[in-house]
Amino acid sequence: MSKEDFLKNLGQHIKQMREKKGLSAAEFARRAEMERSHIARLESGQTNPTSLTLKILCDALEMEFDEFFKGFKP
């Protein structure tokens, strides 16, 4: 799998987890204290999130790290 494909899959997973929690992208961005445009880049796979960014996203989703990645298929 290419790096680009991995990032797209990760972005789709982030979006699925956000939608599963019933959050709009704007509310998710507010909770994560990030710009809405940054969330859009993450969800579209245009940027590679750091481990700290993933932790912040998990906190915004009120999920543990392992719960967030459960079911993720790269």
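Our structure's up above, just so we're on the same page.
Residues numbered from 1 in each chain as written. Predicted model: local features only at pLDDT ≥ 70, side-chain atom pairs only at ≥ 80, totals over all residues. Heavy atoms only, no water.

Draft legend 1. Highlighting helix H3 (residues 36–43). Looking only at H3, the buried set comprises Ile39, Leu42 and Glu43. When H3 is viewed along its axis, its buried side chains cluster within an angular range of 90 degrees and face the same direction. Immediately downstream of H3, the backbone of glycine 45 shows phi near 80 degrees, a positive value. (Buried < 20%, exposed > 50% of the residue type's maximum accessible area, 1.4 Å probe, protein only. Helix = DSSP H or I, 4+ residues; strand = E, 2+ residues; numbered from the N terminus. Arc of directions from axis to C-beta.)

Draft legend 2. Inspection of unusual backbone geometry at higher detail. If you check the backbone angles, glutamate 33 has positive phi at about 55 degrees while not being a glycine. Relative to the helices and strands, glutamate 33 resides in the loop between helix H2 (25–32) and H3. Here glutamate 33 falls in the exposed class, since its relative accessible area comes to 73%. Of note, glutamate 62 is a non-glycine position whose phi angle comes to about 55 degrees, a positive value. The topology assignment puts glutamate 62 in the loop between helix H4 (51–61) and helix H5 (65–69).

Draft legend 3. Spotlight on the packing of aromatic side chains. What the rule picks out here adds up to four aromatic pairs. Seen in terms of ring centroids, phenylalanine 6 and phenylalanine 72 are 5.9 Å apart; in terms of plane orientation they differ by 85 degrees. Their pairing is edge-to-face. Residue phenylalanine 6 is found in helix H1 (residues 3–20), and its partner phenylalanine 72 is found in the segment after H5; the two are separated by 66 residues along the sequence. With a relative accessible area of 32%, phenylalanine 6 lands in the partly exposed category. (Phe/Tyr/Trp six-rings, centres within 6.5 Å; stacked < 30°, edge-to-face > 60°.)

Draft legend 4. A look at the nonpolar core. Among the nonpolar cores identified, the biggest contains 18 residues, and Ile14, Phe28, Ile39, Leu57, Leu61 and Phe68 are the most heavily contacted of them. A total of five residues in this core trace back to one element, the largest contributor, which is H4. Other than its neighbours up to four places away in sequence, phenylalanine 28 contacts Ile14, Arg18, Leu23, Ile39, Glu43, Leu57, Ala60 and Leu61. (Core = buried A, V, L, I, M, F, W, Y, C linked by side-chain atoms within 4.5 Å. Contact = heavy atoms within 4.5 Å.)

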